[in-house]
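The chain contents come next:
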Amino acid sequence: MEYAFVIEPQNYQLFENDEEQVEKCQEWGLLSGKASKTKTFYYKGHGLNIVCSIVGFVDKMTAVIQLGNDQLHCIHPSYLKEMQAASYGAKHAAGVEADETGEEAAINETEAVEAQAVENGTDVNSDFAAVGESDAGSAKTVEEMLAEAGFAFDSVESAAAIPEAVEEAADKAEQAEEKPKSKAKKEKAPKLELPEDKVKMIATVKEFTTVPNHFSDNDDEVVIYEAVSITEQGTLVGEAWSSHSATLKKQELEVGDVITFEAKIVAKKLTKHPVPYKINNPAKIKKEEA
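On a predicted model such as this, the values are computed, not experimentally measured, just so you know.

1. Examining the nonpolar core
And step 1. In terms of nonpolar packing, the biggest core is built from 23 residues, with Y43, I54, I65, L67, I75 and L80 touching the most fellow members.
And step 2. Listing elements by their share of this core, those giving two or more residues are helix 1 (18-28), strand 2 (41-43), strand 3 (50-59), strand 4 (62-66) and helix 2 (77-83).
And step 3. Per-element tally for this core: the top contributor is strand 3, with four residues.
And step 4. Within the second largest apolar cluster, 19 residues are counted, among which are M201, L248, A263 and I285.

Right, dumping it as C-alpha coordinates:
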(Lines give C-alpha, C1' and ligand atoms only; values in the text may rest on other atoms or scores of the structure.)
Protein backbone atom coordinates (compact mmCIF):
# COMPACT_ATOMS: atom_id res chain seq x y z
CA MET A 1 0.00 0.00 0.00
CA GLU A 2 1.37 3.39 -1.01
CA TYR A 3 0.58 6.54 0.97
CA ALA A 4 -0.62 9.44 -1.19
CA PHE A 5 0.63 12.10 1.22
CA VAL A 6 4.28 11.06 0.94
CA ILE A 7 6.77 13.75 -0.16
CA GLU A 8 9.59 11.80 -1.75
CA PRO A 9 13.02 13.45 -1.52
CA GLN A 10 14.59 14.41 -4.84
CA ASN A 11 18.11 14.75 -3.50
CA TYR A 12 19.11 13.48 -0.09
CA GLN A 13 21.99 11.91 1.82
CA LEU A 14 21.75 8.53 3.52
CA PHE A 15 23.47 8.02 6.86
CA GLU A 16 26.76 6.22 6.34
CA ASN A 17 26.64 4.47 9.71
CA ASP A 18 24.82 4.30 13.06
CA GLU A 19 27.15 6.88 14.60
CA GLU A 20 26.20 9.50 12.01
CA GLN A 21 22.50 8.71 12.50
CA VAL A 22 22.73 9.12 16.29
CA GLU A 23 24.70 12.36 15.95
CA LYS A 24 22.14 13.86 13.56
CA CYS A 25 19.20 12.79 15.75
CA GLN A 26 20.90 14.42 18.76
CA GLU A 27 21.34 17.59 16.74
CA TRP A 28 17.60 17.57 15.94
CA GLY A 29 16.65 16.86 19.57
CA LEU A 30 15.23 13.44 18.75
CA LEU A 31 17.78 11.71 21.00
CA SER A 32 19.41 12.84 24.23
CA GLY A 33 23.03 13.95 24.25
CA LYS A 34 23.99 10.80 26.15
CA ALA A 35 22.36 8.36 23.72
CA SER A 36 24.73 5.89 22.07
CA LYS A 37 22.20 4.21 19.79
CA THR A 38 18.94 5.10 18.11
CA LYS A 39 15.46 4.15 19.27
CA THR A 40 12.11 3.27 17.72
CA PHE A 41 10.30 6.23 16.18
CA TYR A 42 6.64 6.49 15.18
CA TYR A 43 4.95 8.42 12.39
CA LYS A 44 1.51 9.58 13.56
CA GLY A 45 0.54 11.99 10.81
CA HIS A 46 -2.41 11.61 8.46
CA GLY A 47 -4.31 9.43 10.94
CA LEU A 48 -1.51 6.82 11.10
CA ASN A 49 0.50 5.43 13.99
CA ILE A 50 3.26 3.32 12.44
CA VAL A 51 6.93 2.60 13.05
CA CYS A 52 9.35 4.53 10.86
CA SER A 53 13.12 4.72 10.44
CA ILE A 54 15.21 7.88 10.10
CA VAL A 55 17.49 7.00 7.18
CA GLY A 56 18.98 10.33 6.04
CA PHE A 57 18.43 14.01 5.44
CA VAL A 58 17.93 16.61 2.70
CA ASP A 59 19.34 19.52 4.71
CA LYS A 60 19.70 20.48 8.37
CA MET A 61 15.95 21.18 8.67
CA THR A 62 14.61 18.23 6.65
CA ALA A 63 14.84 14.61 7.78
CA VAL A 64 14.14 11.63 5.52
CA ILE A 65 12.19 8.76 7.07
CA GLN A 66 11.30 5.33 5.71
CA LEU A 67 7.77 4.07 6.35
CA GLY A 68 6.72 0.48 6.74
CA ASN A 69 6.06 0.09 3.02
CA ASP A 70 9.62 1.30 2.22
CA GLN A 71 8.36 4.68 0.95
CA LEU A 72 10.65 7.62 1.77
CA HIS A 73 9.12 10.79 3.16
CA CYS A 74 10.52 14.28 3.96
CA ILE A 75 9.59 15.68 7.39
CA HIS A 76 10.63 18.49 9.71
CA PRO A 77 12.54 16.96 12.67
CA SER A 78 10.58 19.00 15.23
CA TYR A 79 7.32 17.75 13.71
CA LEU A 80 8.56 14.15 14.01
CA LYS A 81 9.59 14.86 17.62
CA GLU A 82 6.04 16.01 18.42
CA MET A 83 4.71 12.71 17.11
CA GLN A 84 6.64 10.77 19.74
CA ALA A 85 4.48 12.21 22.54
CA ALA A 86 1.85 9.80 23.85
CA SER A 87 -0.77 12.57 23.74
CA TYR A 88 -0.13 13.43 20.09
CA GLY A 89 -2.88 11.19 18.72
CA ALA A 90 -5.55 12.84 20.89
CA LYS A 91 -4.42 16.36 20.03
CA HIS A 92 -4.37 15.65 16.31
CA ALA A 93 -7.34 13.32 16.00
CA ALA A 94 -8.84 15.52 13.32
CA GLY A 95 -5.67 15.02 11.27
CA VAL A 96 -3.11 17.51 10.00
CA GLU A 97 -2.39 17.87 6.31
CA ALA A 98 0.77 15.92 5.60
CA ASP A 99 1.68 17.26 2.18
CA GLU A 100 4.49 19.62 3.25
CA THR A 101 8.25 19.82 3.29
CA GLY A 102 10.15 19.75 6.58
CA GLU A 103 10.87 23.47 6.39
CA GLU A 104 7.14 24.30 6.23
CA ALA A 105 5.63 21.91 8.82
CA ALA A 106 5.38 24.65 11.44
CA ILE A 107 2.97 26.79 9.38
CA ASN A 108 0.56 23.94 8.61
CA GLU A 109 -2.02 24.49 11.37
CA THR A 110 -2.46 28.22 10.71
CA GLU A 111 -2.81 27.66 6.96
CA ALA A 112 -5.39 24.89 7.48
CA VAL A 113 -7.62 27.23 9.53
CA GLU A 114 -7.30 30.06 6.99
CA ALA A 115 -8.00 27.73 4.06
CA GLN A 116 -11.13 26.37 5.78
CA ALA A 117 -12.43 29.92 6.34
CA VAL A 118 -11.92 30.76 2.66
CA GLU A 119 -13.66 27.58 1.53
CA ASN A 120 -16.69 28.01 3.82
CA GLY A 121 -17.25 31.71 3.11
CA THR A 122 -18.51 34.33 5.54
CA ASP A 123 -19.80 33.15 8.93
CA VAL A 124 -23.51 33.97 9.25
CA ASN A 125 -23.00 34.69 12.94
CA SER A 126 -20.79 37.65 12.06
CA ASP A 127 -23.53 39.01 9.79
CA PHE A 128 -26.09 38.56 12.54
CA ALA A 129 -23.85 40.54 14.88
CA ALA A 130 -24.10 43.47 12.45
CA VAL A 131 -27.54 44.21 13.90
CA GLY A 132 -25.63 46.07 16.64
CA GLU A 133 -24.29 45.30 20.09
CA SER A 134 -27.27 46.98 21.75
CA ASP A 135 -29.79 44.84 19.83
CA ALA A 136 -27.93 41.56 19.29
CA GLY A 137 -28.52 40.47 22.88
CA SER A 138 -32.29 41.08 22.76
CA ALA A 139 -34.40 38.49 20.95
CA LYS A 140 -37.51 40.64 21.28
CA THR A 141 -35.91 43.66 19.65
CA VAL A 142 -34.71 41.68 16.65
CA GLU A 143 -38.11 40.05 16.16
CA GLU A 144 -39.80 43.46 16.24
CA MET A 145 -37.34 44.85 13.72
CA LEU A 146 -37.95 41.92 11.39
CA ALA A 147 -41.70 42.29 11.69
CA GLU A 148 -41.49 45.98 10.85
CA ALA A 149 -39.44 45.16 7.78
CA GLY A 150 -42.09 42.74 6.57
CA PHE A 151 -40.27 39.49 7.32
CA ALA A 152 -41.99 36.59 9.09
CA PHE A 153 -39.85 34.06 10.95
CA ASP A 154 -40.61 31.52 13.63
CA SER A 155 -37.55 32.38 15.73
CA VAL A 156 -34.49 34.56 15.90
CA GLU A 157 -32.40 31.49 15.06
CA SER A 158 -34.19 31.03 11.76
CA ALA A 159 -33.80 34.74 11.02
CA ALA A 160 -30.11 34.52 11.69
CA ALA A 161 -29.89 31.96 8.94
CA ILE A 162 -30.63 34.80 6.51
CA PRO A 163 -28.16 37.52 7.53
CA GLU A 164 -29.11 39.78 4.64
CA ALA A 165 -32.68 40.01 5.97
CA VAL A 166 -31.44 40.80 9.47
CA GLU A 167 -29.15 43.53 8.18
CA GLU A 168 -31.91 45.07 6.10
CA ALA A 169 -34.27 45.06 9.08
CA ALA A 170 -31.67 46.70 11.30
CA ASP A 171 -31.05 49.45 8.75
CA LYS A 172 -34.77 50.16 8.44
CA ALA A 173 -35.30 50.41 12.22
CA GLU A 174 -32.28 52.62 12.86
CA GLN A 175 -32.65 54.85 9.78
CA ALA A 176 -36.35 55.07 8.94
CA GLU A 177 -35.74 57.96 6.59
CA GLU A 178 -33.34 55.95 4.42
CA LYS A 179 -34.19 52.99 2.25
CA PRO A 180 -32.17 49.86 3.00
CA LYS A 181 -29.43 49.33 0.48
CA SER A 182 -29.66 46.02 -1.34
CA LYS A 183 -26.65 43.87 -0.70
CA ALA A 184 -25.26 42.37 -3.88
CA LYS A 185 -24.47 38.72 -3.64
CA LYS A 186 -20.90 37.81 -4.38
CA GLU A 187 -20.53 35.06 -6.89
CA LYS A 188 -17.88 32.54 -5.98
CA ALA A 189 -15.26 31.92 -8.61
CA PRO A 190 -15.29 28.31 -9.82
CA LYS A 191 -12.86 26.15 -7.88
CA LEU A 192 -9.72 25.33 -9.82
CA GLU A 193 -9.32 21.61 -10.55
CA LEU A 194 -5.74 20.72 -9.62
CA PRO A 195 -4.01 17.58 -10.90
CA GLU A 196 -3.07 14.98 -8.29
CA ASP A 197 0.26 14.04 -9.85
CA LYS A 198 3.36 16.02 -10.77
CA VAL A 199 2.94 18.19 -13.87
CA LYS A 200 5.08 20.44 -16.03
CA MET A 201 4.67 24.11 -15.11
CA ILE A 202 5.95 27.57 -15.96
CA ALA A 203 6.06 30.55 -13.59
CA THR A 204 7.60 33.98 -13.06
CA VAL A 205 9.42 34.81 -9.82
CA LYS A 206 7.48 37.66 -8.18
CA GLU A 207 8.94 37.97 -4.68
CA PHE A 208 11.21 36.45 -2.05
CA THR A 209 9.89 36.62 1.52
CA THR A 210 9.79 34.80 4.87
CA VAL A 211 7.07 33.34 7.09
CA PRO A 212 7.18 32.47 10.82
CA ASN A 213 8.42 29.03 11.87
CA HIS A 214 7.30 28.19 15.39
CA PHE A 215 9.63 25.19 15.53
CA SER A 216 12.76 27.23 14.87
CA ASP A 217 14.38 30.52 15.85
CA ASN A 218 14.62 31.41 12.17
CA ASP A 219 11.78 32.24 9.75
CA ASP A 220 11.23 30.01 6.71
CA GLU A 221 12.27 31.41 3.34
CA VAL A 222 9.67 31.18 0.57
CA VAL A 223 9.33 32.19 -3.08
CA ILE A 224 6.13 33.74 -4.47
CA TYR A 225 5.41 33.23 -8.17
CA GLU A 226 3.01 34.92 -10.59
CA ALA A 227 1.64 33.92 -14.01
CA VAL A 228 1.83 30.27 -12.94
CA SER A 229 0.50 27.88 -15.60
CA ILE A 230 0.23 24.11 -15.99
CA THR A 231 1.72 23.73 -19.46
CA GLU A 232 0.39 20.23 -20.19
CA GLN A 233 -3.21 21.34 -19.65
CA GLY A 234 -2.90 25.01 -20.58
CA THR A 235 -4.40 25.86 -17.18
CA LEU A 236 -3.66 29.31 -15.74
CA VAL A 237 -3.21 29.07 -11.96
CA GLY A 238 -2.21 32.68 -11.19
CA GLU A 239 -0.13 33.14 -8.05
CA ALA A 240 1.50 30.31 -6.07
CA TRP A 241 4.37 29.83 -3.62
CA SER A 242 6.99 27.31 -2.60
CA SER A 243 9.72 26.87 -0.04
CA HIS A 244 13.01 28.51 -1.04
CA SER A 245 14.75 25.14 -0.87
CA ALA A 246 18.39 24.33 -1.41
CA THR A 247 17.51 23.09 -4.91
CA LEU A 248 15.99 26.47 -5.82
CA LYS A 249 18.84 28.41 -4.24
CA LYS A 250 21.26 26.67 -6.60
CA GLN A 251 19.42 28.33 -9.48
CA GLU A 252 20.28 31.80 -8.06
CA LEU A 253 16.85 33.08 -9.00
CA GLU A 254 15.99 36.75 -9.20
CA VAL A 255 12.68 38.63 -9.34
CA GLY A 256 11.37 38.51 -12.91
CA ASP A 257 13.03 35.20 -13.83
CA VAL A 258 10.80 32.84 -15.82
CA ILE A 259 11.34 29.17 -14.96
CA THR A 260 9.95 25.83 -16.07
CA PHE A 261 9.84 22.82 -13.76
CA GLU A 262 7.96 19.68 -12.72
CA ALA A 263 6.08 19.68 -9.43
CA LYS A 264 2.87 18.89 -7.62
CA ILE A 265 0.56 21.85 -6.90
CA VAL A 266 -1.99 21.88 -4.08
CA ALA A 267 -4.51 24.33 -2.62
CA LYS A 268 -2.68 25.68 0.41
CA LYS A 269 -2.63 29.36 1.42
CA LEU A 270 0.62 31.07 2.36
CA THR A 271 0.61 32.48 5.90
CA LYS A 272 -0.19 36.22 5.97
CA HIS A 273 -0.18 36.43 2.16
CA PRO A 274 -3.12 36.16 -0.31
CA VAL A 275 -1.46 33.37 -2.28
CA PRO A 276 -3.82 30.32 -2.48
CA TYR A 277 -1.68 27.59 -4.06
CA LYS A 278 1.55 25.84 -3.03
CA ILE A 279 4.14 24.21 -5.30
CA ASN A 280 5.73 21.13 -3.71
CA ASN A 281 9.31 20.04 -4.44
CA PRO A 282 9.92 21.61 -7.87
CA ALA A 283 12.38 19.52 -9.90
CA LYS A 284 14.02 19.69 -13.35
CA ILE A 285 14.14 23.46 -12.95
CA LYS A 286 15.22 25.44 -16.00
CA LYS A 287 15.50 29.20 -16.49
CA GLU A 288 13.93 30.53 -19.66
CA GLU A 289 16.02 32.97 -21.67
CA ALA A 290 14.71 36.53 -21.68
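2. Describing helix 1
And step 1. Within the span of helix 1, buried status applies to Q21, V22, K24, C25 and W28. Seen from one end, helix 1 has its buried residues packed into an arc of 165°, which puts them on one side. Seen from the buried face of helix 1, the exposed residues on the opposite side, beyond 90 degrees, are E19, E23 and E27.
And step 2. Where helix 1 is buried, its residues meet strand 3, strand 4 and helix 2.
And step 3. N-cap assignment for helix 1: the residue whose side-chain oxygen lies 3.2 Å from the backbone N of E19 is N17.

3. What about a nonpolar patch on the surface?
And step 1. There is a patch of nonpolar side chains on the surface, built from Y12, L14 and V58 and spanning about 240 Å² of accessible area.
And step 2. For V58, the location among the structural elements is in strand 3.
And step 3. You can call V58 partly exposed: its relative accessible area is 32%.

4. A word on the environment of Y42
And step 1. Tracing the chain through its elements places Y42 in strand 2.
And step 2. The exposure class assigned to Y42 is partly exposed, which follows from its relative accessible area of 35%.
And step 3. Considering only alpha carbons, one finds Y42 and K81, 39 residues apart in sequence, at a separation of 9.2 Å.
And step 4. Non-local contacts of Y42, meaning those with residues more than four positions away in its chain, are made with N49, I50, V51, C52, L80, M83 and Q84.

5. Brief notes about the sheet that holds strand 6 (residues 199-211)
And step 1. The five strands lie next to each other as 6-7-8-10-9, forming a closed barrel whose pairing is mixed. Across the sheet, the mean angle from the axis of one strand to that of its neighbour is 50°, orientation sign disregarded.

6. Examining the pattern of salt bridges
When the charged atoms of two side chains with opposite charge come close together, those side chains can pair.
And step 1. A full pass over the atoms with the stated rule returns five salt bridges.
And step 2. Across the pair E239 and K206 runs a salt bridge whose closest N-O atoms are separated by 2.4 Å. Taken together, the positions of E239 in strand 8 (residues 235-243) and K206 in strand 6 put the pair 33 residues apart, joining distant regions of the chain.
And step 3. With a closest N to O distance of 3.7 Å, K284 and E262 form a salt bridge. Note that K284 is positioned in strand 10 (residues 277-287) and E262 in strand 9 (residues 258-267), a separation of 22 residues in sequence.
And step 4. Residue classification places K284 among the exposed residues on the basis of a relative accessible area of 65%.
And step 5. Judged by its relative accessible area of 23%, E262 is partly exposed.

7. Let's talk about the state of the cysteines
A covalent bond between the sulfur atoms of two cysteines is what we call a disulfide.
And step 1. According to the stated counting rule, one finds zero disulfides in the structure shown.
And step 2. Here C25 stays unpaired: no disulfide links it, and the sulfur of C52, its closest cysteine neighbor, is 10.0 Å away.
And step 3. Judged by relative accessible area, C25 falls into the buried class, the value being 0%.

Quick notes on the rules
- Residues numbered from 1 in each chain as written.
- Predicted model: local features only at pLDDT ≥ 70, side-chain atom pairs only at ≥ 80, totals over all residues.
- Heavy atoms only, no water.
- Core = buried A, V, L, I, M, F, W, Y, C linked by side-chain atoms within 4.5 Å.
- Buried < 20%, exposed > 50% of the residue type's maximum accessible area, 1.4 Å probe, protein only.
- Helix = DSSP H or I, 4+ residues; strand = E, 2+ residues; numbered from the N terminus.
- Arc of directions from axis to C-beta.
- Contact = heavy atoms within 4.5 Å.
- Polar contact = N/O pair within 3.5 Å; in protein donor to acceptor, adjacent residues only side chain to side chain.
- Patch = residues over 30% accessible without salt bridge, like charges linked within 9 Å, V, L, I, M, F, W, Y side chains within 5 Å.
- Areas by Shrake-Rupley, 256 points an atom, 1.4 Å probe, with all protein chains shown as cover.
- Salt bridge = Lys/Arg side-chain N within 4 Å of Asp/Glu carboxyl O.
- Pairing = 2+ DSSP bridges.
- Axes fitted to C-alpha atoms, helices over the stretch in contact; angles between N-to-C directions.
- Disulfide = S-S within 2.5 Å.

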